[in-house]
Amino acid sequence: MADLQRFLALLTDWNGKMNLVGPASLPEFWNRHAWDSAQLLRLAPRALTWADLGAGAGFPGLVLAILRKGDPDFHVHLVESMAKRCRFLSEVVTDLGLPATVYNARAENLDLSVDIVTARACAPLHRLLGYARPYLTAGAQGLFLKGQDVVADMTEAARYWEYEADVVPSLSDPGGRIVRVKRLGRARKV
């Protein structure tokens, strides 16, 4: 809990300098951000390596690293293309001594071997599947936090990709959903 409190303090401080999360959502940190992120662990309790694409403010990646900090085999790869966000992520990782590595890169350009690839508020599913393709085709499972428009998002993604997925209700938000991608096939011609 102390590490999550420290993360909130760092997020609040940095959010005053750059827009990491909407200022109105900071008071809802515990449910909207921390619990929303933490719930992914129940879907993949044995997964040891995670890639958080578009890591931004560190949701879900930093929360997962905090919660599994004591496990020497656990590691989160925080992938973010914006350098200023990477500075924030790096400060939190260093300050809290987290089992995480920050990459200032585009997800599709990295060669990481992971069990789980995740993202939250990163992109529509059809684009997100493109970013996650190297991980998913190498055997990783996708856990993507989505909102209430998940059916339309998945329908649109099916125009671009052959994929197998199911939808898990969010425990933190009645309108939220988690898209669990089990298999990604080839891209479709649109």
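No experiment lies behind these values; they were computed from the predicted model shown.

Analysis parameters
Residues numbered from 1 in each chain as written. Predicted model: local features only at pLDDT ≥ 70, side-chain atom pairs only at ≥ 80, totals over all residues. Heavy atoms only, no water. pLDDT = per-residue confidence, 0-100. Helix = DSSP H or I, 4+ residues; strand = E, 2+ residues; numbered from the N terminus. Core = buried A, V, L, I, M, F, W, Y, C linked by side-chain atoms within 4.5 Å. Buried < 20%, exposed > 50% of the residue type's maximum accessible area, 1.4 Å probe, protein only. Contact = heavy atoms within 4.5 Å. Polar contact = N/O pair within 3.5 Å; in protein donor to acceptor, adjacent residues only side chain to side chain. Axes fitted to C-alpha atoms, helices over the stretch in contact; angles between N-to-C directions. Parallel < 35°, antiparallel > 145°, perpendicular 65-115°, else oblique. Nonpolar A, V, L, I, M, F, W, Y, C, P; charged D, E, K, R; others polar. Pairing = 2+ DSSP bridges.

1. Points about the confidence of the model for the protein
1) Next: Per-residue pLDDT for the protein averages 91, and the proportion of residues at 70 or more is 99%.
2) Next: Across the protein, the secondary-structure element scoring lowest on mean pLDDT is helix 2 (residues 29-38), at 83, and the one scoring highest is strand 3 (residues 100-104), at 98.

2. Considerations on the nonpolar core
In summary, soluble globular proteins display a tendency toward joint burial of nonpolar side chains.
1) Next: One finds Phe-7, Leu-11, Trp-50, Leu-62 and Phe-88 to be the most contacted residues of the largest nonpolar core, which totals 42 residues.
2) Next: Elements with a minimum of two residues in this core: helix 1 (2-15), helix 2, helix 3 (40-43), helix 4 (61-67), strand 2 (75-80), helix 5 (83-96) and strand 5 (141-146).
3) Next: The biggest single contributor to this core is helix 1, with 6 residues.
4) Next: Those residues in contact with Leu-11, other than ones at most four positions away along the chain, are Leu-20, Val-21, Leu-26, Phe-29, Ala-57, Phe-59 and Phe-88.
5) Next: Leu-128, Leu-129, Phe-144 and Met-154 belong to the second largest nonpolar core, which has 28 residues in total.

3. Thoughts on the side chain of Asn-15
1) Next: Looking at the element boundaries, Asn-15 is found in helix 1.
2) Next: A distance of 2.8 Å separates the side chain of Asn-15 from the backbone nitrogen of Leu-20, its partner in a polar contact.
3) Next: For Asn-15, the residues in contact, after removing those within four places along its chain, are Leu-20, Val-21, Gly-22, Pro-23 and Leu-26.

4. As for the environment of Asp-166
1) Next: Here Asp-166 is to be found in strand 6 (residues 161-169).
2) Next: Residue Asp-166 is classed as partly exposed on the basis of its relative accessible area of 22%.
3) Next: Along the sequence, Asp-166 and Ala-47 sit 119 residues apart, while their C-alpha atoms lie 18 Å from each other.

5. Points about the packing of helix 6 (residues 125-136) against helix 7 (residues 150-160)
1) Next: Following both chains from N to C, one finds helix 6 and helix 7 inclined at 55°, their axes separated by 7 Å at the closest point. Looking at the two axes, helix 6 sits oblique to helix 7. Residues Leu-125, His-126 and Leu-129 of helix 6 lie in contact with helix 7, whose contacting residues are Asp-153, Met-154, Glu-156, Ala-157 and Tyr-160.
2) Next: Partitioned by chemical class, the residues of the contact of helix 6 with helix 7 number 5 nonpolar, 1 polar and 2 charged.

6. What to know about the sheet that holds strand 1 (residues 49-53)
1) Next: One open sheet holds the 7 strands; their spatial order is 3-2-1-4-5-7-6, and the pairing between them is mixed. Two strands in the sheet have a free side with no partner beyond their single neighbour: strand 3 and strand 6. Here the average twist between neighbouring strands, direction ignored, is 25°.
2) Next: Sheet topology note: the strand 5/strand 7 (residues 177-187) ladder contains 5 bridges and is antiparallel.

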